[in-house]
Number of protein chains: 2
Amino acid sequence: MTIDRTTLRWNGWGPTKQENPLPADSPKWKWVEEVLGMSHLPSTPPVPLQDICLPHCRLSGAIQEKLRGIVGEDQLRTDDYERAFHARGKSYHDLLYVRAGRLDVAPDAVIYPRNADEVLAIVQLCAQEDIALVPYGGGSSVVGGVNAVAKSLGGAVLTLDTTLMTRIIQIDKVSMTARIEAGIYGPHLEEQLQAHGVTLGHYPQSFPLSTLGGWIAARGAGQQSNRYGKAEKWLVSAKLATPKGFWTTEATPASAAGPNLNQLVAGSEGTLGVIVEATVKIHEVPARKDYRGYLFKTFAAGVEAARRINHADIPVAMVRLSDAPETYFFQAFSSSNADGLKARLQRAYLKMKGFPETPCLMLIGHEGAKETVIWAQEQTEEICKRQGALALGTGPGRHWYHGRFNSPAIRDPMMDRGIGVDTLETSTRWSNIANLHEKVTTAISDAISSHLPEQHARGLVLAHVSHSYPDGASLYFTFIFPRQLDREVEQWLAIKRAASDAILMNGGTISHHHGVGTDHAPWLPEEKGEIGMSLLKATKRELDPKGVMNPGKLFG
Amino acid sequence: MTIDRTTLRWNGWGPTKQENPLPADSPKWKWVEEVLGMSHLPSTPPVPLQDICLPHCRLSGAIQEKLRGIVGEDQLRTDDYERAFHARGKSYHDLLYVRAGRLDVAPDAVIYPRNADEVLAIVQLCAQEDIALVPYGGGSSVVGGVNAVAKSLGGAVLTLDTTLMTRIIQIDKVSMTARIEAGIYGPHLEEQLQAHGVTLGHYPQSFPLSTLGGWIAARGAGQQSNRYGKAEKWLVSAKLATPKGFWTTEATPASAAGPNLNQLVAGSEGTLGVIVEATVKIHEVPARKDYRGYLFKTFAAGVEAARRINHADIPVAMVRLSDAPETYFFQAFSSSNADGLKARLQRAYLKMKGFPETPCLMLIGHEGAKETVIWAQEQTEEICKRQGALALGTGPGRHWYHGRFNSPAIRDPMMDRGIGVDTLETSTRWSNIANLHEKVTTAISDAISSHLPEQHARGLVLAHVSHSYPDGASLYFTFIFPRQLDREVEQWLAIKRAASDAILMNGGTISHHHGVGTDHAPWLPEEKGEIGMSLLKATKRELDPKGVMNPGKLFG
């Protein structure tokens, strides 16, 4: 395995040795306490593993023997650490459970196959023995996508960890495709590709801790999706181990030989089989990257610029627009001296230029050949200026780029101090962005306000557009709130329900890139419709008639 | 209906009043005779409709009454012309049958619903009564996609003509999408969109005679697919009338809410239901179009230029590269004075520049904002020149653009003179283009050579790349051959089989944009694999358990 599980936090984000971005003596705690209107920040540490009693392993000795027969003695693990590590993904919802020491959904065992044949044998054994099988890559799902859900109360669950399967099988630099085993982590994949001068370019925020197979299974998006595309766009072909045998999808470009079945794989979330390898589109490592910031007077002006950039034929890697609360929050949170001379001068200048107290920051990234990046950057800057933006140069771009995978690490120390942090995302057509942004913000704010632990406490709702298309864009919401410590799951469910209802009622999708998992499953039927759901279930029945593959996900 | 069926050839291509591009006294006939090595060109006119006896109508009076109850008296047609017109599509294979007066697959009746509700009622009546229902738009399928195939010998077939459903329901110029009824013909669609300053940009060669619904059902490609995308790319959402009711697919941009079911609609070829409307991506009408020609010394050099254009981030609308035989043929065919002074001087110049006798012509099209087109055109020209190309300026581009829908009209007069003309297409990855081009050319040539009517006769095999992608490109083959008049279907089947086998054996897809229909169905299982086919069949069973929707297509 490329990342030793014992070097990662089983109940939080990232390496155990990771520096705490919010140590106890940080002056930021005072600011956070004030912003959230809390009388004090309580201490709410997680329950350590040694204090947790895991449920009894429900896999019989005979089954364990058969599994060991497939993968060898050491590749089947039943110890507490492995079971706890693989119990759930990394959503706020998951962390509430694991931090509380509630591991009732832990897998009965974890298996580490080393190749596709071993995976197939495991899948088929599980189908034969009616054991729930959960494919697990980086385990970074924030929607319950890897949770060890059994088929029924008392049923056994085996989690299949794919991360020993990490080979780059073939690089075709003429067709610019690469065939790669699906268990490879982001950094390992890019390191090997870039040694050949090529890149997949898929950098989700979870990049250091997520795998190729997971990106495809969840229809993930990298931060530079304008250039490199979401997983369903860069996926050329996939090989899955299913209860019915290996399934290799068609690989020819833009075929018209019936529906493109690769699009049934992207978003299948392990419910049809285990993705064991994939052929993906690759690109030359860009000769130049240019990331810079623009300040807009209003969110609407920034959205209009993003829309125009998408409708012009300008090669762009990323367009990311924070709303006013998010711009303010990250500025204030990262600035150690918001009242210093420089900050005051900046505010005075902006005021003189007619900017409001709380403007909106856009980051635009270009990647590619030098001349193309120069030309394209001039074009996007021109579009932004026409919408009244102030060009901030490359400083904000470099700052964002440097810390682009860091945000998730802030959640753990926040959760240690009674604070909840969660994110959710959607997408909609351009003509509906303003409406959806307002409705979801209001829904989350109101739900937080109705579920607060003390009188003067309050929550924060921040949002940004991070992925954009000709017909619309995504909206990504971050909400930070004081936890109701006696009923924190109920509090979260109330907020989640309010946000999800508002999304569906207002023309958004229940997920743009996190996927469905268990958490979004209740809203999927409304989005897909009765016939859509029946078609998904028909494909599921065909490949997995007993329903052993990742139960509880997608279909609920 | 937007095009009166009586103004179109029921047994050939285009309007009845269309000028014959090859009149009897054209000097080109002599050249064709020589090129094909034929001792003479026989006269082989089609059988006129009045000499053909259509099979007895198998729809009972009671059923006809029910159908009239749905659509009104005049919208159900059982006359010979309507039945003959809708018997088959427009493939060479189809024309062999209809020209010979063999209308055994004619529908028993043709129905013209005016709205989605009528379509649904028809679909559900057919499901209830076990009547095969064939959705028919422009009827331009060249793979048997609209042929009136019954469920079983003696079973009734109803053809549903969609072309009364032509409304533009909504144009969203912010999101750049339009919701349109699926029976609208290309010219009508573009006329209405362009009146609002927008375009779909989908211009297949069949554009004047094909419909929105057909483009989606067959995963069609327009000539400017680099810019506007194939149907599966510009499709945002579809509404289908299925035996299980209306099915409206999800419409949010790049959702991660499970697999994208729009991709089950694209390429479904009427087997799941009738596409009644679609939401599609639109663009501003381009301010500038620039089409120009380049001459390459070899096909390989042209392919390399096309590949590099695709891998650079240059907005391009079309890259079309003819191989040497095709370049030669169309030059000779369209030039009335190939031995004139100008032509001889041109040849001398090319020879001096090191070009072979038979170079390869590439046409590159740019469309968009003026500055972008200027910039992009300079970039693509630079790439071509680096591959040794000679820039021919805009003349060849204008010439091609002017006649871009005309080629199909040549087939009818050719078929009147004992000559067969057919096309087929595929796609593959860049690293396999040269191999596939060679293998398929050889397979077609060899098959033609083994099936000739006289000793010194010969066929022609021409090819071009017309659609290109980051990972590969399409190959489009045109073959012209003297017909074996006593066994012309067998001759065609032998050629088709040889080409299709060569495509599948050499890593191509059985179709890049024509679709599967009846003609490619035997090769689909090899391409999709056993599991892929079982998934397609599972979705079919779910929506259409009795199998009334367009039987014989896709699944065979």
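All figures in this text were calculated on a predicted structure; none of them were measured in a lab.

Caption draft 1: Representation of the overall build of chain A within the structure. Along chain A, the regular secondary structure elements total 19 helices and 18 strands. Relative to a compact globule of 556 residues, whose C-alpha radius of gyration would be 24 Å, chain A shows 23 Å and is just as compact. When its C-alpha atoms are laid out on the principal axes, chain A stretches across 75 × 60 × 45 Å. Each of the 556 residues in chain A was classed as buried or not, and the buried ones make up 64%. Look at the contacts in chain A between residues 6 or more apart in sequence, and 78% of them connect residues 24 or more apart. Surface summary for chain A: the accessible area is close to 20300 Å², and the carbon and sulfur share equals 52%. Charge centroids of chain A, computed over 58 positive and 59 negative side chains, lie 4 Å from each other.

Caption draft 2: Spatial organisation of the interface of chain B and chain A. With 78 residues of chain B at the interface, the matching set in chain A holds 78 residues. At the boundary of chain B with chain A, total buried surface from both sides reaches about 5800 Å², with 63% on carbon and sulfur atoms. Linking chain B with chain A are 6 salt bridges. The interface formed by chain B and chain A contains 38 residue pairs in polar contact (both at pLDDT 80 or more).

Caption draft 3: Molecular detail of the environment of Phe-333 of chain A. Residues and elements named next belong to chain A. Looking at where Phe-333 falls in the secondary structure, it is placed in helix H12 (residues 324-334). Residue Phe-333 is classed as buried on the basis of its relative accessible area, which comes to 9%. In sequence terms Phe-333 and Val-32 are 301 residues apart; their C-alpha atoms lie 8.5 Å from each other. Discounting residues that sit within four places of it in the chain, Phe-333 has contacts with Leu-22, Lys-28, Trp-31, Val-32, Ile-410 and Met-414.

Caption draft 4: Main features of the relation of the copies chain B and chain A. Mapping chain B onto chain A calls for a rotation angle of 180 degrees and an axial translation of 0.0 Å; the resulting RMSD is 0.0 Å. Interpreted geometrically, this transformation is the action of a two-fold axis. Distance from the rotation axis, computed per C-alpha, reaches its smallest value in chain B at Ala-538 of chain B: 2.9 Å. The fraction of interface residues of chain B whose copies in chain A are also interface residues reaches 100%, indicating that both copies meet through the same surface.

Caption draft 5: Broad picture of the sheet that holds strand E1 (residues 76-77) of chain B. Residues and elements named next belong to chain B. Strand order in the open sheet made by the 4 strands is E1-E2-E4-E3, with mixed pairing throughout. Lying at the two open borders of the sheet, with one neighbouring strand each, are E1 and strand E3 (132-136). Here E3 pairs with strand E4 (residues 157-161) via 5 bridges, running parallel. Across the sheet, Tyr-136 pairs through a bridge with Asp-161, a residue of E4. Strands in contact with helix H5 (residues 116-129) are strand E2 (109-111), E3 and E4; relative to E4, the strand with the most contacts, it is inclined by about 165 degrees.

Caption draft 6: Spatial organisation of the pattern of salt bridges. In this structure the tally under the stated criterion is 52 salt bridges over all chains. Within this structure, Arg-77, Asp-79 and Glu-82 of chain A form a network of salt bridges that share partners.

Caption draft 7: Quick look at the sheet that holds strand E8 (residues 235-242) of chain B. Residues and elements named next belong to chain B. Read across the open sheet, the 5 strands follow the order E5-E6-E10-E8-E9; overall the sheet is antiparallel. Only two strands of the sheet have a single partner each, and these edge strands are strand E5 (168-172) and strand E9 (245-248). Taking the axes of each pair of neighbouring strands and ignoring which way they run, one obtains an average angle of 10 degrees across the sheet. Across 6 bridges, E8 lies against strand E10 (residues 274-281) in antiparallel orientation. Across the sheet, the residue bridging to Leu-235 is Val-280, located in E10. In the packing of H5 onto the sheet, the strands contacted are E8, E9 and E10, and the crossing angle to E8 comes to about 50 degrees. Taken strand by strand, helix H6 (residues 186-195) contacts E5 and strand E6 (177-181), and its axis lies near 40 degrees from that of E5.

Caption draft 8: Representation of unusual backbone geometry within the structure. Residue and element names in this part refer to chain A. Unlike most non-glycine residues, Asp-130 shows phi in positive territory, near 60 degrees. With respect to the helices and strands, the residue Asp-130 is situated in the loop between helix H5 (116-129) and strand E3 (132-136). Of note in this structure, Met-176 is not a glycine but carries a positive phi near 55 degrees. Tracing the chain through its elements places Met-176 in the loop between strand E5 (168-172) and strand E6 (177-181). Judged by relative accessible area, which is 7%, Met-176 ranks as buried.

Caption draft 9: Highlighting the nonpolar core. Counting residues in each nonpolar core, the largest one holds 268 residues, and the members touching the most others are Leu-212 of chain A together with Leu-212 of chain B. Aside from chain neighbours lying at most four places away, what touches Leu-212 of chain B is Ile-180, Glu-181, Ala-182, Ile-184, Leu-189, Leu-200, Trp-234, Ala-278 and Val-280 of chain B.

Caption draft 10: Up close: the side chain of Asn-226 of chain B. Note on placement: Asn-226 of chain B falls in helix H8 (residues 225-228). Contacts of Asn-226 of chain B, omitting those with residues within four sequence positions, involve Asn-310, Val-316, Ala-317, Met-318, Val-319 and Ser-468 of chain B.

Caption draft 11: Examining the pairing of strand E10 (residues 274-281) of chain A more closely. Residues and elements named next belong to chain A. In terms of burial, E10 is largely enclosed, as 7 of its 8 residues are buried. Inspection of the sheet shows E6 paired to E10 by 5 bridges, in the antiparallel sense. Bridged to Thr-177 within E10 is Lys-281.

Caption draft 12: Local environment of the packing of helix H17 (residues 433-449) of chain A against helix H18 (residues 488-505) of chain A. Residues and elements named next belong to chain A. Taken N-terminus to C-terminus, the directions of H17 and H18 make an angle of 160 degrees; their axes are 8 Å apart at the nearest point. Considering their axes alone, H17 and H18 lie roughly antiparallel with respect to each other. For H17 against H18, the interelement crossing comes out right-handed. Taken together, the residues of H18 that come into contact with H17 (itself represented by Leu-436, Lys-439, Val-440, Ala-443, Ile-444, Ala-447 and Ile-448) are Ala-494, Ile-495, Ala-498, Ala-499, Ala-502 and Ile-503. Across the contact of H17 with H18, the residue classes tally to 12 nonpolar, no polar and 1 charged.

Caption draft 13: Molecular detail of the confidence of the model for chain A. Model confidence for chain A is summarised by a mean pLDDT of 96, while 99% of its residues fall at 70 or above. Two numbers describe this predicted complex: its pTM, 0.97, and its ipTM, 0.96.

Caption draft 14: Inspection of the side chain of Arg-68 of chain B at higher detail. Residues and elements named next belong to chain B. With respect to the secondary-structure elements, Arg-68 resides in helix H2 (residues 61-71). With relative accessibility at 17%, the residue Arg-68 sits in the buried group. Polar contacts involving the side chain of Arg-68 include one to the side chain of Glu-73, which spans 3.4 Å. When residues no more than four places from it in sequence are discounted, the contact partners of Arg-68 are Glu-73 and Leu-76.

Caption draft 15: Quick look at helix H4 (residues 92-99) of chain A. Residues and elements named next belong to chain A. Along H4, 8 of the 8 residues are buried, which leaves the element largely enclosed by surrounding structure. Listing the buried residues of H4 in full gives Tyr-92, His-93, Asp-94, Leu-95, Leu-96, Tyr-97, Val-98 and Arg-99. Lining the buried residues of H4 we find helix H16 (411-415), strand E16 (419-429), strand E18 (472-482) and H18. After H4 finishes, the residue Gly-101 shows a positive phi value of roughly 80 degrees.

Caption draft 16: Highlighting the packing of helix H2 (residues 61-71) of chain A against H5 of chain A. All names here are of chain A. At a minimum axis separation of 9 Å, H2 and H5 run at an interaxial angle of 160 degrees. The orientation of H2 with respect to H5, classified from their angle, is roughly antiparallel. The hand of the H2/H5 crossing is right-handed. Taking contact as the criterion, the partners of Ile-63, Lys-66, Leu-67, Ile-70 and Val-71 in H2 are, on H5, Glu-118, Ala-121, Ile-122, Leu-125, Gln-128 and Glu-129.

Caption draft 17: Fine view of the packing of aromatic side chains. If you walk through the whole model with that rule in mind, you get 33 aromatic pairs over all chains. Judged by centre distance (5.4 Å) and plane angle (45 degrees), the rings of Trp-31 of chain B and Phe-329 of chain B are tilted. One end of the pair, Trp-31 of chain B, is in helix H1 (residues 28-35); the other, Phe-329 of chain B, is in helix H12 (residues 324-334), with 298 residues separating them in the sequence. Exposure remark for Phe-329 of chain B: the relative accessible area of 7% places this residue in the buried category. For the ring pair Tyr-291 of chain B and Tyr-401 of chain B, a centre distance of 4.9 Å and an interplane angle of 50 degrees mean the geometry is tilted. Of the two residues, Tyr-291 of chain B is situated in strand E12 (residues 288-296) and Tyr-401 of chain B in helix H15 (residues 395-402); the sequence distance between them amounts to 110 residues. Among the aromatic residues, ring-to-ring pairing joins Tyr-203, Phe-207, Trp-215, Trp-234 and Phe-405 of chain A into one connected group. Residue placement shows Lys-90 of chain B over the ring face of Phe-85 of chain B; its charged tip is 5.6 Å from the ring centre.

Cut-offs and rules
- Residues numbered from 1 in each chain as written.
- Chains lettered and ligands numbered in written order.
- Predicted model: local features only at pLDDT ≥ 70, side-chain atom pairs only at ≥ 80, totals over all residues.
- Heavy atoms only, no water.
- Helix = DSSP H or I, 4+ residues; strand = E, 2+ residues; numbered from the N terminus.
- Rg over C-alpha atoms; globule rule 2.2 N^0.38 Å.
- Buried < 20%, exposed > 50% of the residue type's maximum accessible area, 1.4 Å probe, protein only.
- Contact = heavy atoms within 4.5 Å.
- Areas by Shrake-Rupley, 256 points an atom, 1.4 Å probe, with all protein chains shown as cover.
- Lys, Arg positive; Asp, Glu negative; His and termini not counted.
- Charge placed at Lys NZ, Arg CZ, Asp CG, Glu CD.
- Buried area = accessible area lost by both parts, 1.4 Å probe.
- Salt bridge = Lys/Arg side-chain N within 4 Å of Asp/Glu carboxyl O.
- Polar contact = N/O pair within 3.5 Å; in protein donor to acceptor, adjacent residues only side chain to side chain.
- Least-squares fit on C-alpha atoms with pLDDT ≥ 70 in both.
- Pairing = 2+ DSSP bridges.
- Axes fitted to C-alpha atoms, helices over the stretch in contact; angles between N-to-C directions.
- Core = buried A, V, L, I, M, F, W, Y, C linked by side-chain atoms within 4.5 Å.
- Parallel < 35°, antiparallel > 145°, perpendicular 65-115°, else oblique.
- Left-handed = near helix turned anticlockwise from the far one by under 90°.
- Nonpolar A, V, L, I, M, F, W, Y, C, P; charged D, E, K, R; others polar.
- pLDDT = per-residue confidence, 0-100.
- Phe/Tyr/Trp six-rings, centres within 6.5 Å; stacked < 30°, edge-to-face > 60°.
- Lys NZ or Arg CZ within 6 Å of the ring centre and 35° of its normal.

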